[in-house]
Each structure stands twice: as structure tokens, then as C-alpha cells.
Amino acid sequence: MLINKLDNVEIALSNGHKYAARDIKTGENVIKYGNPIGHATADIKKGEHVHTHNMKTNLSGVIEYSYVPSADHAKQESDVPTFMGYQRDNGDVGIRNDIFIVNTVGCVNKIAEQLAKLTGAVAFTHPFGCSQLGDDQKTTQLILRGIVNHPNAGGVLVLGLGCENNNISVFSQVLGEYDPNRVKFLNCQDVENEIDEGLALIEELKSYTNKFTRTPIPVSRLRVGLKCGGSDGYSGITANPLVGRVSDKLVSMGASTVLTEVPEMFGAEHLLMARAASKEVFDSIVELINGFKEYYERHGQVIYENPSPGNKAGGITTLEEKSLGCVTKAGSSQVVDVLDYGDTVRKAGLSLLAGPGNDIVAITNLFAAGAHIILFTTGRGTPVGSGVPTVKIATNKELARHKSSWIDFDASPVLDGHDLTDSLLEYIVRVASGEQTKNEIYGYKEISIFKDGVTL
């Protein structure tokens, strides 16, 4: 059975792969989502499978872009619901009241894990913080700063060793002003028993966090990250457009949404650039896109070496196809800001965030940017979770059934014409108010920091 006729290809209900809706000649563009997703490398007859054996990307090299401002503006909602969250002393709001353990260096990972096991705190272990130089170390520091400052943490223990490049004294300069009631420091080389000292500091943090209780907070205060991983042929038809509609609705309520995975904008970046709120934002998007392409070239890698084997098995053939489906998570709202590594969301509306497509790095970037919740669409399934609630949204019914311990929301009814926008928004409000996602229930919380430099 074929569904979703999309220009000159159709999508098979059984496996998400593409089949020609009409004859396609060699060299002719293959059209999906109203845009070329590559060209035929051989004549393709109507009904034939369209994939890597007879189709190839159109993308190559660095592209020049022109600013053409759009007049479209999102409709502003007057009816803004509330969620039950935590009002912080600095004016920010959180949706969890956790205690974080944040390492300055990987050498103390196991100490952090022991403390977390004994206290119920959440440890974010990583292998970095020493033997890094320049911008590479700076990225590590900025990501860790974002996690320390995240409002889902009622209290934070910053755990250092003492001899690392990113020692507590150095990191404190990057961290800047902080509340000593909320943030405590422990340098393990300075004390006789780091476990006892850590337990005592976490008890102090628990006393502080216990003063916070949930109160009604408007949804306009939410910051929601947008991510996909393990995509399939349905991603751009079910889950991603659904998330895009929810993103638009959140933006219309005054909330913030954040799209990352820059390499998965390649081939669809023109759609985002057309929605830049200003020439300044447009220029920042161009810099974001071309900067990531130059990063590939510096390392001698093919810019368009994507999609992954799992994506191809799920029916995605070229990067254009993946990207055109990927950016639908951003809906149709204007792009109001572009964020670099370690930046925190600054504006209400849709922002773009620097970072690769790698799942754990991408969700870490969203976490550090201040996202309260991450909407993570998937057609292949993954258990990975960030330090914030990571809502897994299945693109197809079989995945939702097969991996129910990973999936939080099934977007497959979209195929039958169901509008799930309000249902997903209601679920987000429940999560913001305390309902746990699968990654929280099963303890799937981790970070991975982007690395681009030498190691001493």
C-alpha cells in the first residue's frame, strides 16, 4: 500500500521507502516535500524503488545566499495555559528540582557516580576538562557552565580534582556570578575523604532545594529543544511536522523553541533563511551554516556525508531528503536568534543552535542552552536521554509498540489524518508539571561535549 504521494515519489506504508509515482528520467530531480531531494542516476519506471542505487544528492561545496525577508508572522495566542513549575530566586523557572553533580574534569567521574548513587543526585560524567587547549577547552567550560546554571537544578555540586586545566578556580571565572546557597564546590585533592565531604555538601544543597515548591507558571516561560535521531521515511511526514506545529503554537504563546543539528539543515537551510526576523539574523544563519561546512573541510571530510546507515535502512536516501524533513520540526515561525556553543536562550520565539547531528552532543547542547524539555523524534528508536526530560516521539506505530520503554508519544495517527497538536502540547504541559518521561523513569541521562581540538 502506498501513501503520501509527494510530487514524483510515494512513500510505502510498510517500510517508509520511496517508489516512483511516475517515470523519472536520468538526471531529472526527484521531488519530495515540494523540493528536490536529489536526481535520478538512471531511468526510473513508475512503481520502482527509489533509493541509493538510482538516486544521488544534488549538494556540493559552499553556497552563497541572498537575504529575502519574509512578511509572515506567527499569530499570537491570547489563551496561554500554565504548568506547575519552580520559581527560582534569580527569576528563572525550572520544571524539575534536581541536584546536579557537574565535574570540571573526567578524572572524578567515579566519585561523582558514587555520590549520585548514595544521594539521588544526578551526575553528568564526561572525559574532558584536562589536556585541552584554546577554544576546545572553552567549549567544554561553556557547556558545563550552562549545565550548572540550568534552572531544573535546585542545587549543584561542582566536583573537581585539583590539577586539571579546567580546575575549580579557572572554571569559576567562566561561571561568573553564582548563588553560594545553590552552588557548592569540592576539590577532591584538598580533602582527606572526598565522599564524606561530598555527602555533607549535598545535604546542604538538599536543605536549600527543599524550600522550592511547584507553583502555576505560564507556558510562555518554557524553553523547548527540537531534535531528531534515527530518522526514517516517515519522520518528515508524521513526527517532525507534528513537532513543528507544536513549536509554532508554543511560539505563539510567547515560549521559546530551539532547533539544532546544523549538518541536518544542509539542503534545507534556504527555508530557515527565508524566515529570518532581520538581516542580522539572516547573516548569523549564513555564518552558522557555512561555518559548519568549513569545519568539515578543515578536517578533510565530505560535507554531505549523510544520512547514516540507519537512516538509509529507514528509507532516507540523501541529505536533502533528511534535512527537508528535519527542519519541519521548526514549524513556520520566524527565526529570531542564532546561538553558539554555550549560549543560553535569549529571546522568545524560534532560535537556531550550533552543533552537530550526533544525538548525545546535540541534546547536551540543548540542555546547556537552557531547554527545559527536548522533543526528540525518532523512526528507528533510541534510549538516549539528556539531563532534562527528553520526549521520544515515534514516527511509526511499529516502533511505538516495539520499544514502549523508550517511546513517550506515538505520532503515527498523523498518517490517518489525525491532528495531534493539542494532544502533544497537553503532554508537554504534564511533563513540565512533573510527569516523568521514559528517559527519567529508566535513568537515561547523559552528556557528551563537542570536541574540536588537540589533546595534550
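Scroll up to find the structure.
First, a word on what this report is: a plain description of the structure on this page. Within each chain, residue numbers correspond to sequence positions counted from 1 in written order. Under the rules for a predicted model, residues below a pLDDT of 70 receive no local features and side-chain atom pairs below 80 are neither given nor counted, while totals for whole chains, interfaces and linings still include all residues. Remark: hydrogens and water are excluded; side-chain values derive from all non-hydrogen atoms of the structure.

Quick look at the pairing of strand β20 (residues 390–394)
Working step 1: In terms of burial, β20 is largely enclosed, as five of its five residues are buried.
Working step 2: As judged from the five bridges shared by strand β19 (residues 373–378) and β20, these two strands associate in the parallel manner. Each bridged residue has a counterpart across the sheet, and for Thr378 the counterpart in β20 is Ala394.
Working step 3: Only strands joined by at least two bridges in the DSSP assignment are considered to pair. Secondary structure counts use DSSP, requiring at least four H or I residues in a row for a helix and at least two E residues in a row for a strand, with both numbered from the N terminus. Across two bridges, β20 lies against strand β21 (residues 409–410) in parallel orientation. In the sheet register, Ile393 faces β21, and the bridge partner there is Phe409.
Working step 4: For the handedness criterion, the strands are oriented away from the viewer, and a crossover whose path from the first strand over the helix to the second runs clockwise is classed as right-handed. Between β20 and its parallel partner β21, the chain crosses via helix α11 (residues 397–402), and the hand of that crossover is right-handed. Relative accessibility under 20% of the residue-type maximum defines a buried residue, over 50% an exposed one, and the middle range a partly exposed one, all with a 1.4 Å probe and only protein chains included.

A word on the packing of helix α2 (residues 134–148) against helix α10 (residues 359–368)
Working step 1: For helices, the fitted line uses only the C-alpha atoms of the stretch in contact; every axis is such a line through C-alpha atoms, and the angle between N-to-C directions lies from 0 to 180 degrees. The N-to-C vectors of α2 and α10 enclose an angle of 55°; their axes lie 8 Å apart at closest approach. Considering their axes alone, α2 and α10 lie oblique with respect to each other. Between α2, through Ile143, Gly146 and Ile147, and α10, the contact on the second element is made entirely by Thr364, Asn365, Phe367 and Ala368.
Working step 2: Residues that form the contact of α2 with α10 fall into these classes: four nonpolar, three polar and no charged. Just so you know how the angles are binned, under 35 degrees is roughly parallel, over 145 roughly antiparallel, 65 to 115 roughly perpendicular, and the rest oblique. Here, residues are in contact when the closest pair of their heavy atoms is within 4.5 Å. Note on residue classes: Ala, Val, Leu, Ile, Met, Phe, Trp, Tyr, Cys and Pro are nonpolar, Asp, Glu, Lys and Arg are charged, and everything else, Gly too, is polar.

Re the packing of helix α1 (residues 109–119) against helix α4 (residues 194–209)
Working step 1: At a minimum axis separation of 10 Å, α1 and α4 run at an interaxial angle of 50°. Here α4 runs oblique to α1, going by the angle between their axes. For the element pair α1 and α4, the recorded crossing hand is right-handed. Residue-level inspection shows Ile111, Gln114, Leu115, Leu118 and Thr119 of α1 in contact with α4, the latter providing Glu194, Ile195, Gly198, Leu199, Ile202 and Lys206. Handedness of each helix crossing follows the sense of rotation of the near helix against the far helix: counterclockwise by less than a right angle gives left-handed, clockwise gives right-handed.

Points about the packing of aromatic side chains
Working step 1: Aromatic pairs are defined between Phe, Tyr and Trp rings, using the six-membered ring for Trp, whenever the two ring centres lie within 6.5 Å; interplanar angles under 30 degrees are classed as stacked, those over 60 as edge-to-face, and all others as tilted. Applying the stated criterion across every chain, the model contains 15 aromatic pairs.
Working step 2: When the ring of Phe409 is compared with that of Tyr427, the centres are 6.4 Å apart and the planes differ by 45°; the resulting orientation is tilted. One end of the pair, Phe409, is in strand β21; the other, Tyr427, is in helix α12 (residues 421–432), with 18 residues separating them in the sequence.
Working step 3: Judged by its relative accessible area of 12%, Phe409 falls in the buried class.
Working step 4: Under the relative-accessibility criterion, Tyr427 is labelled buried at 6%.
Working step 5: Chaining the aromatic ring pairs together yields one cluster made of Phe266, Phe292, Tyr295, Tyr296, Tyr341 and Phe450.
Working step 6: A cation over a ring is seen here: Lys392 above Phe376, with NZ or CZ 5.3 Å from the ring centre.
Working step 7: Directly above the aromatic system of Trp406 lies the positively charged group of Lys403, at a separation of 4.0 Å from the ring centroid. Lysine NZ or arginine CZ positioned within 6 Å of the ring centre and within 35 degrees of the ring normal marks a charge as sitting over the ring.

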